[in-house]
Amino acid sequence: MKQAYTNAIDYGELLLGFRDVLTPPRSRIFIGAGDYKVVGQEFKRHFINIGGLQPHESVLDVGCGIGRMAVPLTDYLTAPGRYEGFDIVGHGIDWCLHNITPRFTNFNFQVADIYNSHYNPSGNYQAYNYRFPFDDNSFDFVFLTSVFTHMPVQEVDHYLSEISRVLKPGGRCFSTFFLLNDQSRRLMKTENSTYNFQYKLDGRYVFSLEDPDLGTAFDQSTIQTMLGRYGLSAQNFIYPGSWCGRRNTATFQDIVVAYKR
C-alpha cells in the first residue's frame, strides 16, 4: 500500500510538470544534500572549467548514484565522447537505464556488486579488492564526487590504483575530498566550520566514531603520496572548499584534479 502511494505521488509529479523525465522522483533520490539539477549543473561547470573536460572524451563516473552528474552531461558529450557510470545502489542504476540510456545511447550504467551494510548488504565484493569492470587505458576523464569522503584508507588506496589503471596516459581524475592541512585544521575548530574531524582512526580522521563513514578526512600529504604511488600527480591542481569556513571557494568539498603521467 505504501509503495502504491509513493508511485502515485511520483507519477503525479511528472504529470503536473513538477519535474521532467530526466529528473528522478523525490522518493527515489538517495544521494547527498542540495537540489538535484542545481548541483549537477554546478559540477558540469567544474568538470569543464577546472577538469578540462572536452565533449569528445570518454568519461567514467565512479559512484554515479541516480544520475545527478550524468544528466547535465547528456547535452555536452558527443560522439565519440561517451559516459560510463557504476554504483552499488541497484534502483538508482535502474532509473538511469530506463530514463537516460534510451535517450542517449552513449551513456551506460551498471551495478557494482560491492558490499555495503546499508545500501548493498548482499554484495559479493569489498571495495578494497573490487576491480573496475573496464579495460586498461579506457578513459580520458574519471570523476568521483563525495565518494572518497566516506571511505577508509585501504579502499581509497585501491580505488586510486584502479583509476590509474583505467585512465589513459595524460588522462585526469577529478575527485572531491576533505583535506587536512595547517589552514583547514585551524579553521575546522571554529564556529564557521561545518565539520570538525577531531578523531584519528586508522590513517583517516572522522567527526563521528559511532559512524565513521559518515564523513572522512585525510591529511593532504597522505592523498598526494597515494596519488604519486599510482603515477598520478595533483601537485598544482588542488582547489580548497568551503567546508571548514573558507570564503570564495569553488564548492563545498576540496577538489583534486590528478593527471596520469
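Residues numbered from 1 in each chain as written. Predicted model: local features only at pLDDT ≥ 70, side-chain atom pairs only at ≥ 80, totals over all residues. Heavy atoms only, no water.

The next thing to look at is the packing of aromatic side chains. Evaluation of the coordinates by the stated rule reveals 28 aromatic pairs. Ring geometry for phenylalanine 134 against phenylalanine 139: centres 5.1 Å apart, planes inclined by 85°, an arrangement best described as edge-to-face. Across the pair, phenylalanine 139 and phenylalanine 134 agree in class, each one buried. On the numbers, 4.9 Å between centres and 25° between planes, the contact of phenylalanine 148 with phenylalanine 177 is stacked. Taken together, the residues phenylalanine 148 in the loop between β4 (139–144) and α5 (153–166) and phenylalanine 177 in strand β5 (residues 167–177) connect sequence positions 29 residues apart. Residue phenylalanine 177 is classed as buried on the basis of its relative accessible area, which comes to 1%. Taken together, Phe86, Tyr125, Tyr130, Phe132, Phe134, Phe139 and Tyr159 form an aromatic cluster joined through their ring pairs. Directly above the ring of tyrosine 205 sits arginine 185, whose terminal nitrogen or CZ lies 4.9 Å from the centroid. (Phe/Tyr/Trp six-rings, centres within 6.5 Å; stacked < 30°, edge-to-face > 60°. Buried < 20%, exposed > 50% of the residue type's maximum accessible area, 1.4 Å probe, protein only. Helix = DSSP H or I, 4+ residues; strand = E, 2+ residues; numbered from the N terminus. Lys NZ or Arg CZ within 6 Å of the ring centre and 35° of its normal.)

Let us now look at the pairing of strand β1 (residues 58–62). Within β1, 5 of the 5 residues are buried, which leaves it mostly tucked inside the rest of the structure. Side-chain alternation along β1 places Ser58, Leu60 and Val62 on one buried face and Val59 and Asp61 on a second face that is also buried. Pairing analysis gives 5 bridges linking β1 to strand β2 (residues 82–87), with the strands arranged parallel. Note that in β2 the partner of leucine 60 across the bridge is glutamate 84. (Pairing = 2+ DSSP bridges.)

Glancing now at helix α7 (residues 220–229). Burial in α7 covers these residues: Gln220, Ile223, Met226 and Leu227. The arc that holds the buried residues of α7, viewed along the axis, is 125°, so those residues lie on one side. Glycine 231 sits one or two positions beyond α7 and adopts a positive phi of about 70°. (Arc of directions from axis to C-beta.)

Time to look at unusual backbone geometry. Backbone torsion omega between alanine 79 and proline 80 reads 10°, so that peptide bond is classified as cis. Here proline 80 lies in the loop between α3 (70–73) and β2. For asparagine 137, which is not a glycine, the phi torsion comes out positive at approximately 55°. Along the chain, asparagine 137 turns up in the loop between β3 (107–111) and β4. Since its relative accessible area comes to 40%, asparagine 137 is described here as partly exposed.

Most of strand β12 (residues 254–260) is tucked away, with 6 of its 7 residues classed as buried. Inspection of the sheet shows β5 paired to β12 by 6 bridges, in the antiparallel sense. Bridge pairing links arginine 172 to tyrosine 259 in β12. Judged from the 2 bridges that link them, strand β11 (residues 238–239) and β12 form a sheet pairing that is antiparallel. Bridge pairing links isoleucine 238 to valine 256 in β12.

Let us now look at the sheet that holds strand β6 (residues 179–180). By way of backbone hydrogen bonds, the strands of a sheet pair with one another, either parallel or antiparallel. The strand order across the open sheet formed by 4 strands is β6-β9-β8-β7, and the pairing between neighbours is mixed. Each edge of the open sheet carries a strand with a single partner, namely β6 and β7 (199–201).

At their nearest, the axes of α5 and α7 sit 9 Å apart, and the two run at 35° to each other. When you trace α5 past α7, the crossing you get is right-handed. In contact with Val153, Val156, Asp157 and Leu160 of α5, α7 contributes Ile223, Met226, Leu227 and Arg229. (Axes fitted to C-alpha atoms, helices over the stretch in contact; angles between N-to-C directions. Left-handed = near helix turned anticlockwise from the far one by under 90°. Contact = heavy atoms within 4.5 Å.)

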